[in-house]
Structures are given as C-alpha cells and as structure tokens.
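What the coordinates show
Listed below are the residues making up each chain.
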Amino acid sequence: MSLPSLRLKANADRRLRAGHLWVYSNEIDVAATPLHGFKAGDQALLEAAGGKALGIVAMSPNNLICARLLSRDAKLALDKSLLVHRLNVALSLRERLFDKPFYRLVYGDSDLLPGLVVDRFGDILVVQLASATMEAHKADVIAALTQVLKPSGILFKNDSAARDAEGLERYVETVFGVVPEWVPLEENGVKFEAPVIGGQKTGWFYDHRMNRARLAPYVKGKRVLDLYSYIGGWGVQAGAFGASEVFCVDASGFALDGVERNAALNGFADKMTCIEGDVFEALKELKASEERFDVIVADPPAFIKRKKDLKNGEGAYRRLNEQAMRLLTKDGILVSASCSMHLPEDDLQNILLTSARHLDRNIQLLERGAQGPDHPVHPAIPETRYIKSITCRLLPNS
C-alpha cells in the first residue's frame with residue numbers, strides 16, 4: 001500500500017520523538033506537501049524535514065490537529081490486521097484489571113487508536129467513531145471486533161459533537177447482531193442496566209468506577225443526595241453500600257426511570273427518591289424545605305467544554321459545590337467531581353476551599369480520585385486525563 005507523504009517543517013518532529021501523537025497544521029511544510037492535497041480520512045506517511053519516515057498518520061487536514069499518529073512503523077497502516085493487534089493489546093490490560101467483561105475496552109489515543117472508543121457490556125459492544133479515518137474503516141472495525149471478542153451485538157453510537165469537526169454525519173445504528181435497548185452490566189458488585197441506544201454517550205460512564213467504589217465506607221446508614229444522577233451510577237451504588245435513604249436529582253425523566261429500574265434490580269427501590277428538574281433549582285427547594293444530607297455527590301456534566309468557557313464554568317462549579325455544602329450535616333461528606341479537562345484538580349480544590357470558607361465551614365480533603373485504568377492516560381497528551389474526584393469533610397468553624 002503506497003501512501004502519500006506528509007512532510008514536517010525543520011525541527012517540528014521533536015514533540016513526536018518525545019512521545020506525542022498529534023501533528024498541528026502549522027508544523028507542516030505546506031510547500032512540499034500542501035494540506036489541501038489530502039481529504040479527511042486519508043492516511044499518510046509522516047516524514048521529518050529531511051525525509052526520514054516517522055510513521056503512519058490519520059489525516060484531518062481542515063483541523064488544527066491535522067494528523068494523528070496511528071503507528072511509528074511506516075509499514076503498518078490502519079487496516080483490519082492492525083486493529084486486531086491493537087484490540088488484543090487493549091483487551092489484555094482490561095482482562096488483567098477486571099474479572100467481569102464490563103469496561104472501556106478502547107480509549108482512543110491512549111490505546112493507539114485515535115478516534116475510536118469501545119465500551120464493553122458483556123457480549124454487547126458500543127462503539128464511537130470520532131474521526132473520518134475510523135469512519136472510512138468501519139467495516140474493518142466491525143470485522144476486528146467480531147474476530148477478537150465474538151460479540152452478540154455491536155452498536156455504533158455515532159451521535160457525538162466530535163464528529164462535526166470531521167464533517168461526519170451523526171447516526172446510531174446496530175451494525176452487527178442484536179442490541180437491546182437496555183443491556184446489563186455490573187460495577188463494584190452492583191447490578192445495572194444501561195440504555196445504550198437512547199442514553200447519554202455509550203449509555204454508561206465507566207470512568208468513575210474506582211471513585212464510586214470509594215463511597216462504601218462513607219454511606220452506610222447515611223442519607224445520601226446524588227446530583228446529576230443520570231441512571232444512578234453513584235446513587236444506586238450508595239444504596240447497595242448500605243445508605244438508609246438516597247435522593248437522585250436529574251433533569252431527565254428518562255434517566256430517573258433508569259434509577260428506579262436499577263434500584264429495583266438490586267432490591268431496594270424503597271430507599272430511592274427521584275427528583276426531576278434543574279439541579280440548581282432542586283438544591284434551592286431542598287434548602288427551603290430544610291432537608292439535610294450526610295453525604296452529597298456532585299458529579300455534573302462538563303461545565304467547561306472549551307478554554308473560553310473557563311471563567312463561567314468555574315463559577316458554575318463554585319455555585320454547585322457551595323449550594324451542596326449548605327445541605328450537608330455538620331459532619332457531612334461531599335464528593336465533588338469534574339469531567340472538564342480544562343479544570344485542573346488544584347483549581348477544583350481551591351473552589352471547594354473558597355466555598356467552605358464562604359459558608360464559614362472548615363474543610364478536610366480525604367481522598368482524591370481520577371479515571372479508572374480502563375481509561376489510561378497518555379503521558380504526552382494531558383487531554384486524555386479529564387476525570388477529577390475529591391472527597392471532603394465539612395465541619396463547623398469551631
């Protein structure tokens with residue numbers, strides 16, 4: 001297979017040699033290899049300024065990140081064979097980590113498969129293709145997944161905004177076998193069913209698995225509030241870990257139906273109270289009703305999706321955590337999480353400290369958490385690290 005060349009400017013290969021996988025458009029020698037000569041989804045042979053081959057890249061010529069490294073071996077272009085190899089490498093890690101087949105199997109760049117995400121729900125696979133190159137090779141993706149994992153069903157959940165930048169249409173389609181609306185999974189010994197077709201993202205968020213496991217010692221016999229609950233990842237596990245009562249708040253009635261479904265699946269539907277509506281409004285109403293909770297989980301969607309959202313997003317995190325703190329008992333536990341890649345963990349910590357002091361409360365930081373090891377971080381790409389979770393204790397100012 002003969003591929004066109006993509007030539008870098010002088011010294012523009014330093015970052016790649018140091019371990020990075022991305023190529024920016026201003027690093028290309030456009031006189032030698034014009035970007036308009038490529039289309040999204042092409043593969044190219046990446047070359048240093050002197051002509052030395054650096055590997056094979058997937059092209060997105062109209063974006064700032066115009067190419068992503070697929071392989072440092074110039075002979076290994078993306079095809080079914082390379083996909084099978086990468087999938088087996090990814091699978092070997094997950095099978096070492098987890099004794100049951102419920103996890104993120106492929107996490108994009110970190111598994112050297114940029115533009116590909118695969119979540120595994122037993123013998124059901126939910127796949128997101130976020131790049132034109134992966135979309136162009138979707139038949140190879142299906143063939144590789146069926147060879148390595150022998151699933152009963154594969155769902156392409158290609159409805160994310162990431163596809164817009166690649167000029168790709170959004171769609172959701174069962175591309176192999178049969179995929180039901182709700183599929184079973186187990187996390188930290190708790191049973192769930194996830195709405196993989198109609199739910200958020202792939203239907204479930206495996207990234208907080210380890211952080212949710214840390215709830216266990218804090219919630220036994222306690223009253224728990226789960227904000228932005230979705231289908232009960234935190235709240236239902238709190239119930240399973242022995243909480244006396246759990247209140248779940250979400251704007252989606254569909255998601256709260258999932259909370260009730262999952263609570264019933266574990267035999268404690270009577271513990272759960274669902275509140276449908278805007279979380280900030282619900283917090284005000286709970287405060288007006290003089291409700292108090294021993295443990296509150298605040299795990300919102302990303303308030304900071306782009307750098308320009310930083311100031312407003314930080315303000316939203318501050319308001320959320322401060323309002324949550326107002327509902328805590330005098331020795332209460334707050335689990336504050338963020339999936340905003342642009343919010344550093346130290347900034348979240350400062351938001352918690354500022355909020356506590358504004359309420360004249362003392363705060364102790366007890367635990368810190370990140371995404372689970374089925375979402376491995378690429379050390380050269382900070383964007384692959386996005387989950388933060390801080391467990392803290394709020395005490396009176398005395």
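Throughout this description, residue numbers start from 1 for each chain and increase along the sequence as written. Per-residue local features are limited, in this predicted model, to residues with pLDDT of at least 70; the limit for side-chain atom pairs, both in listing and counting, is 80 or more; totals at the level of whole chains, interfaces and linings are taken over all residues. As a rule here, side-chain values come from all non-hydrogen atoms in the structure, and water together with hydrogens is ignored.

Take the overall build of the protein chain next. Numbering goes from the N terminus for both helices and strands, where a helix is a DSSP run of H or I of at least four residues and a strand is a run of E of at least two. Each helix and strand in the protein chain was counted, giving 11 helices and 19 strands. Here the globule rule reads 2.2 Å times residues to the power 0.38, and the radius of gyration is calculated from C-alpha atoms. The C-alpha radius of gyration computed for the protein chain amounts to 23 Å, which stays within 12% of the reference 21 Å derived for 398 residues, consistent with globular compactness. In terms of overall dimensions, the protein chain has C-alpha extents of about 70 × 45 × 35 Å along its principal axes. Within the protein chain, the fraction of its 398 residues that count as buried is 54%. Contacts are assigned to residue pairs that have any heavy atoms within 4.5 Å of one another. At a minimum sequence separation of 6, the contacts of the protein chain that also span at least 24 residues come to 63%. Per-residue and other accessible areas were derived by the Shrake-Rupley procedure at a 1.4 Å probe size, with only the shown protein chains allowed to occlude residues. For the protein chain, the exposed area adds up to about 17,100 Å²; of that, 51% sits on carbon and sulfur atoms. Counted as positive: Lys and Arg. Counted as negative: Asp and Glu, with His and the chain ends omitted from the count. Charge placement uses NZ in Lys and CZ in Arg. For Asp and Glu, CG and CD serve respectively. Computed over 50 positive and 50 negative side-chain charges, the separation of the two mean positions in the protein chain equals 5 Å. Burial status follows relative accessibility: with a 1.4 Å probe on protein chains alone, a residue under 20% of its type maximum counts as buried, one over 50% as exposed, and anything between as partly exposed.

This part takes up the UniProt feature "domain: RlmI-like PUA" (unreviewed entry) in the protein chain. UniProt positions are given in the numbering used here, feature names are shortened, and annotations may be inferred rather than shown by experiment. Cross-referencing UniProt, the feature "domain: RlmI-like PUA" (unreviewed entry) maps to residues 6-72 in the present numbering. Within the segment residues 6-72, helix and strand shares are 6% and 36% respectively, and the terminal C-alpha atoms sit 14 Å apart.

Next up on the list: the sheet that holds strand E8 (residues 124-129). Here a strand pair is declared whenever DSSP counts at least two bridges between the two strands. Pairing in this open sheet of five strands is mixed, and the strands run E6-E7-E8-E9-E10 from one edge to the other. This sheet does not close on itself; its edge strands, each paired only once, are strand E6 (102-107) and strand E10 (171-177). On average, each strand axis in the sheet is tilted by 20° relative to the strand beside it, whichever way the strands run. Examined bridge by bridge, E6 and strand E7 (residues 116-121) share five bridges and lie antiparallel to one another. Residue pairing in the sheet places tyrosine 103 in a bridge with arginine 120 of E7. With axes taken as lines fitted to C-alpha atoms, and helix axes fitted only over the stretch in contact, angles between N-to-C directions fall between 0 and 180 degrees. Of the strands in this sheet, E6 and E7 are in contact with helix H2 (residues 80-97), which crosses E6 at around 140°. The sheet contacts of helix H4 (residues 138-149) involve E6, E7, E8, strand E9 (153-158) and E10, and relative to E8 the element is tilted by about 150°.

Sheet architecture is open: five strands sit in the order E1-E3-E4-E5-E2, paired in mixed fashion. Both outer strands of the open sheet, strand E1 (5-7) and strand E2 (22-24), are each paired with one neighbouring strand and no more. Sheet twist, expressed as the average angle between the axes of neighbouring strands with direction ignored, equals 40°. Bridge analysis of E1 against strand E3 (residues 43-47) gives three bridges, and the strand direction is parallel. From the neighbouring strand, serine 5 faces E3, where its bridge partner is leucine 45.

All right, on to the pairing of strand E19 (residues 388-396) then. Within E19, seven of the nine residues are buried, leaving the element largely enclosed by the surrounding structure. With seven bridges connecting them, strand E17 (residues 328-338) and E19 associate as antiparallel partners. If you follow serine 338 over to E19, its bridge partner there is lysine 388. Two strands pair when backbone bridges link them, and strand E18 (residues 361-369) and E19 are joined in this way by eight bridges, in the antiparallel orientation. What sits directly across from isoleucine 363, in E19, is leucine 394.

The next thing to look at is the pattern of salt bridges. One speaks of a salt bridge when a side-chain nitrogen belonging to Lys or Arg is within 4 Å of a carboxyl oxygen belonging to Asp or Glu. Following the criterion strictly, the structure yields 25 salt bridges and no others. With a shortest N-O distance of 2.6 Å, arginine 170 and aspartate 164 are connected by a salt bridge. Taking relative accessible area as the criterion, aspartate 164 reaches 42% and is therefore assigned partly exposed. One salt-bridge network, in which partners are shared between bridges, spans Glu135, Lys138 and Arg163.

Another point: the nonpolar core. The criterion is simple. A nonpolar core is a set of buried Ala, Val, Leu, Ile, Met, Phe, Trp, Tyr and Cys residues joined through side-chain atoms within 4.5 Å. Counting 37 residues, the largest nonpolar core has Phe121, Leu185, Trp204, Leu215, Val219 and Met272 as its most contacted members. For this core, the element with the most residues is helix H8 (residues 253-265), which contributes four residues. Beyond its immediate stretch of four places on either side in the chain, leucine 215 contacts Trp234, Ala238, Phe241, Val295, Val297 and Val335. Counting 32 residues, the second-largest nonpolar core is a separate cluster that includes Ala77, Leu113, Ile154 and Phe156.

Turning to its location among the elements, serine 229 is positioned in the loop between strand E13 (223-227) and helix H7 (235-240). Serine 229 has contacts with Cys248, Val249, Asp250, Leu256 and Val259, leaving out every residue within four places of it along the chain.

Two elements in contact, helix H9 (residues 279-288) and helix H10 (residues 310-325), have axes separated by 10 Å at closest approach and are oriented at 25°. By the angle between their directions, the pair H9 and H10 is classed as roughly parallel. The handedness of the crossing between H9 and H10 is left-handed. Across the interface between the two elements, Val279, Phe280, Leu283 and Lys284 of H9 pack against Ala316, Arg319, Leu320, Gln323 and Ala324 of H10. Counted by class, the contact of H9 with H10 contains six nonpolar, one polar and two charged residues. Any angle that is under 35 degrees is reported as roughly parallel, and any over 145 degrees as roughly antiparallel; angles of 65 to 115 degrees are reported as roughly perpendicular and all others as oblique. By the definition used in this description, the sense in which the near helix is turned from the far one sets the handedness, with an anticlockwise turn below a right angle giving left-handed and a clockwise turn giving right-handed. When residue character is reported, Ala, Val, Leu, Ile, Met, Phe, Trp, Tyr, Cys and Pro are called nonpolar, Asp, Glu, Lys and Arg charged, and the others, Gly included, polar.

Here we come to unusual backbone geometry. Positive phi is not limited to glycine here, since asparagine 188 has a value of about 55°. Inspection of the secondary structure assignment puts asparagine 188 in the loop between strand E11 (183-187) and strand E12 (190-194). Since its relative accessible area comes to 29%, asparagine 188 is described here as partly exposed. If you check the backbone angles, tyrosine 228 has positive phi at about 55° while not being a glycine. Looking at where tyrosine 228 falls in the secondary structure, it is placed in the loop between E13 and H7.

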